[in-house]
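Report on the structure
Next come the chains, spelled out residue by residue.
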Protein chains: 2
Amino acid sequence: MIICRTINELRQAIRQHRSSHLDSKVGFVPTMGYLHRGHGSLLERARDNCSLVVLSIFVNPLQFGPNEDFERYPRDEKRDLEVAQSAGTDIVFLPQVAEMYPTPTKTVITVSGVTERLCGASRPGHFDGVATVVSKLLNIVQPDFAYFGMKDAQQVAVIEQMVYDLNMPVTIVPCPTLREEDGLALSSRNVYLSDEERRQAIVLSAALADAEALMQDAAGLTPDRLQAVVVERIQSASLAHIDYAEVLSYPSLEPIDSFEGADRIIVALAVKFGKTRLIDNRILHIPA
Amino acid sequence: MIICRTINELRQAIRQHRSSHLDSKVGFVPTMGYLHRGHGSLLERARDNCSLVVLSIFVNPLQFGPNEDFERYPRDEKRDLEVAQSAGTDIVFLPQVAEMYPTPTKTVITVSGVTERLCGASRPGHFDGVATVVSKLLNIVQPDFAYFGMKDAQQVAVIEQMVYDLNMPVTIVPCPTLREEDGLALSSRNVYLSDEERRQAIVLSAALADAEALMQDAAGLTPDRLQAVVVERIQSASLAHIDYAEVLSYPSLEPIDSFEGADRIIVALAVKFGKTRLIDNRILHIPA
């Protein structure tokens, strides 16, 4: 496994692979590190489909708001490298902030529409930062495939919209959310949770399961009613503070008045436990 | 010469070249058509340095304001193809608007700083449109080199900033402005000029020549004084209406109070003759 800390080293290593493999396929997994099995599953998916697997670990300051957790975002390079290696990673890109932003960027990519609700509303500027850094990383790595977890469903929607609009030469591969046995979606931020918060945090996946069960027989059900049930379930956890709990069209992420005419919806949640903000979501098909 | 009207055709043609040439170098000249010798010189520069020369002709609606000349921008596909062929072009990309924007783009690239003055101030949204379409074209063509004329000096600054900030894998090659014998910078928009406007339009290059002469002995000269001389000269043409005439630092395009500490400046002009807006500029070194 090659470790690259500069853009030049990384490009050199990828060029070398490309030039020595006629049918090279480069798979790319961009992350903020503190890797868990969810990241591992993205790397394994890339390993299955590509001749070269590139992982980036970069906590991108541009996508954090001034009162968010950029400084205290968990980092563990040594363990990350072990996870990367055991998942079959070929190259790890580990740049410092000054390598990615030698001067403050004057160029920003903005995606409208899919960013109006959810984290786009509650974290102003967040998706500009995501779109801009993902664009930089895609330009540096020039992968054939890039893998993203569906836990960040809105992030996937933003990146798919950007790739589509800007004709970026890459295929985005959304991958399923991985969960703990009790249902909690894997997240690097889970490490922040106290024991009691961790116990109560299963309310997110439980509320999504409620929503799925309700949608089995959607006759007479409205998006508002579905949302109310989800909200009520989350509020049953004493430490949970809802940032948002929304029922939107998918993949356009727009508010809907009814399920008529909709093909798929997303139930999307952001819930704070103390300082820790967790997100989760489920995409549901509307029964015919 | 291959003519491609769809993105897929174009990518296919370029892929074919890349796969059959070990040391392929793709040179790209993006234009809005109505080609003149200026465009020809960009194509010839690409021809000299690359194994494949790609020209795009696309009048990009995104970079025109609501009261600008998108609809009446001059078009002549037949003559353009002759110019392209005689300059040694290999592939011409001629997309319709619906091919480049099958749906209205939700993704926009914004470059700040270098866009604050000049055309960035007088044409709001213009450089967002330029940056976005150039990014799309670069993602479609994936050239090694892209060639731009320095008549649009601010456009070059915007694109160089974007390529730098987003780590785009391309080298931008700025090329000198070509001129008529009397000094008028070549522009597709010159065709709009009446005979009398055409005669008076030489005042732009004449004013820039004045500025250059004055800077030979810059002792006691200030940017304000230089600007005043340029303005006075342009106002000597009865049909000229100044949009802007500015003296800025180069390449940062910022206002300056004095020439001290400056290495290079740009004198940049936008002047209207009737409905026709002409631009020109000169980059001057500050004498030591």
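None of these values were measured; they are calculated from a predicted model. (Residues numbered from 1 in each chain as written. Chains lettered and ligands numbered in written order. Predicted model: local features only at pLDDT ≥ 70, side-chain atom pairs only at ≥ 80, totals over all residues. Heavy atoms only, no water.)

Check the secondary structure of chain A and you find 10 helices and 10 strands. The C-alpha radius of gyration computed for chain A amounts to 19 Å, which stays within 12% of the reference 19 Å derived for 288 residues, consistent with globular compactness. Each principal axis of the C-alpha atoms in chain A carries an extent, and together these give about 60 × 40 × 40 Å. Of the roughly 12900 Å² of accessible surface on chain A, 49% is carried by carbon and sulfur atoms. (Helix = DSSP H or I, 4+ residues; strand = E, 2+ residues; numbered from the N terminus. Rg over C-alpha atoms; globule rule 2.2 N^0.38 Å. Areas by Shrake-Rupley, 256 points an atom, 1.4 Å probe, with all protein chains shown as cover.)

Aligned on chain B, chain A shows an RMSD of 0.0 Å; the corresponding rotation is 180 degrees and the shift along the axis is 0.0 Å. Taken together, the rotation and translation relating the two chain copies correspond to the operation of a two-fold axis. Across chain A, the rotation axis passes nearest the C-alpha of I109(A), at a separation of 2.3 Å. Counting the interface residues of chain A, we find that 100% of their copies in chain B are interface residues as well, pointing to one common contact surface. (Least-squares fit on C-alpha atoms with pLDDT ≥ 70 in both. Contact = heavy atoms within 4.5 Å.)

Quick look at the domain arrangement of chain A now. Residue and element names in this part refer to chain A. Taken as a whole, chain A is organised into domain 1 (2-175) and domain 2 (188-282). On a C-alpha basis, the centres of domain 1 and domain 2 stand 26 Å from each other. With 21 residues of domain 1 in contact, the opposing surface of domain 2 contributes 20 residues. Between domain 1 and domain 2 the total buried area reaches about 1800 Å² when both faces are included, carbon and sulfur atoms providing 53% of it. (Domains from an automatic or database assignment. Buried area = accessible area lost by both parts, 1.4 Å probe.)

Time to look at the sheet that holds strand 8 (residues 240-249) of chain A. Residues and elements named next belong to chain A. Overall, antiparallel pairing links the 3 strands, which are arranged 8-9-10 in an open sheet. The open sheet is flanked by strand 8 and strand 10 (276-285), the only strands paired with a single partner. Adjacent strand axes in the sheet meet at a mean angle of 15 degrees when their direction is disregarded. The sheet strands contacting helix 10 (residues 223-235) are strand 8 and strand 9 (264-273), and the helix crosses strand 8 at an angle near 160 degrees. (Pairing = 2+ DSSP bridges. Axes fitted to C-alpha atoms, helices over the stretch in contact; angles between N-to-C directions.)

This part takes up helix 6 (residues 126-141) of chain A. Its 16 residues give helix 6 of chain A an end-to-end C-alpha distance of 22 Å, which sits within 8% of 22 Å, the value for a rise of 1.5 Å per residue. One or two residues past the end of helix 6 of chain A sits Q142(A), with phi positive at roughly 50 degrees. (Expected span 1.5 Å × (residues − 1).)

Per the stated rule, a full pass over the model turns up 6 aromatic pairs over all chains. Where F58(A) meets Y101(A), the ring centres are 6.2 Å apart and the plane angle is 40 degrees; that geometry is what we call tilted. Pair noted here: F58(A) is in the loop between strand 3 (52-57) and helix 3 (77-86) and Y101(A) is in the loop between helix 4 (97-100) and strand 5 (107-111), with a separation of 43 residues, a long-range link. Both residues of the pair, F58(A) and Y101(A), belong to the buried class. Where F64(B) meets Y73(B), the ring centres are 5.9 Å apart and the plane angle is 75 degrees; that geometry is what we call edge-to-face. Classification of F64(B) as buried rests on a relative accessible area of 9%. When the ring centre of F70(A) is taken as origin, the NZ or CZ atom of R75(A), which lies over that ring, is 5.2 Å away. The lysine or arginine in question, R79(B), covers the ring of Y34(B), its NZ or CZ lying 5.0 Å from the ring centre. (Phe/Tyr/Trp six-rings, centres within 6.5 Å; stacked < 30°, edge-to-face > 60°. Buried < 20%, exposed > 50% of the residue type's maximum accessible area, 1.4 Å probe, protein only. Lys NZ or Arg CZ within 6 Å of the ring centre and 35° of its normal.)

Residue and element names in this part refer to chain A. According to UniProt, the positions carrying the feature "active site" (unreviewed entry) are H39. What makes H39 buried here is its relative accessible area of 12%. Filtering out sequence-adjacent residues up to four positions away, H39 remains in contact with T31, G33, Y34 and S188. (UniProt positions renumbered as here; feature names shortened; annotations may be inferred.)

What follows deals with the interface of chain A and chain B. Contact with chain A, which involves 27 residues of that partner, is made by 27 residues of chain B. Carbon and sulfur atoms make up 45% of the area that chain A and chain B hide from each other, which totals about 2400 Å². For the pair chain A and chain B, the interface holds 0 salt bridges. Counting every contact that joins chain A to chain B gives 16 residue pairs in polar contact (both at pLDDT 80 or more). Of all elements in the fold, only helix 1 (7-20), strand 5, helix 6 and helix 7 (153-165) of chain A reach the threshold of two or more residues within the side of chain A that touches chain B. (Salt bridge = Lys/Arg side-chain N within 4 Å of Asp/Glu carboxyl O. Polar contact = N/O pair within 3.5 Å; in protein donor to acceptor, adjacent residues only side chain to side chain.)

By size, the foremost hydrophobic cluster in this structure holds 100 residues, and its most contacted members are L10(A), V54(A), L10(B) and V54(B). In this view, L10(A) contacts C4(A), V54(A), I91(A), F93(A), I140(A) and V141(A); residues no more than four positions away in its chain are not counted. A201(B), V203(B), L226(B) and V247(B) belong to the second largest nonpolar core, which has 29 residues in total. (Core = buried A, V, L, I, M, F, W, Y, C linked by side-chain atoms within 4.5 Å.)

So, about the sheet that holds strand 6 (residues 145-149) of chain B. Hydrogen bonds between backbone atoms are what pair the strands of a sheet, whose relative direction is either parallel or antiparallel. All names here are of chain B. Overall, parallel pairing links the 6 strands, which are arranged 1-4-3-2-6-7 in an open sheet. In this open sheet, the two strands that pair with only one neighbour each are strand 1 (2-4) and strand 7 (171-175). The mean angle between the axes of side-by-side strands here comes to 25 degrees, regardless of whether they run parallel or antiparallel. Of the strand pairs in this sheet, strand 2 (residues 26-31) and strand 3 (residues 52-57) are connected by 6 bridges, and their pairing is parallel. Bridging across to strand 3, P30 finds its partner in S56. Sitting on the sheet, helix 2 (residues 37-49) touches strand 2, strand 3, strand 6 and strand 7, and the angle it makes with strand 6 is about 155 degrees.

For the rest of this paragraph, the subject is the environment of D263(A). Residues and elements named next belong to chain A. As for its position among the elements, D263 is in the loop between strand 8 and strand 9. Along the chain, D263 and D69 lie 194 residues apart, while their C-alpha atoms are 36 Å from each other. Residues contacting D263, with those up to four places away along its chain left out, are L284, H285 and I286.

This part is about the pattern of salt bridges. Tallying each qualifying case throughout the model produces 29 salt bridges over all chains. Here E77(A) and R5(A) are joined by a salt bridge, their closest N and O atoms 2.6 Å apart. Of the two residues, E77(A) is situated in helix 3 and R5(A) in the loop between strand 1 (2-4) and helix 1; the sequence distance between them amounts to 72 residues. According to the relative accessible area criterion, E77(A) is partly exposed, its value standing at 37%. A salt bridge links R233(B) to D210(B); the shortest N-O distance between them is 3.0 Å. Of this pair, R233(B) sits in helix 10 (residues 223-235) while D210(B) sits in helix 9 (residues 203-215), placing them 23 residues apart in sequence. Residue class for R233(B) comes out partly exposed when judged on its relative accessible area of 34%. A relative accessible area of 24% places D210(B) in the partly exposed class.

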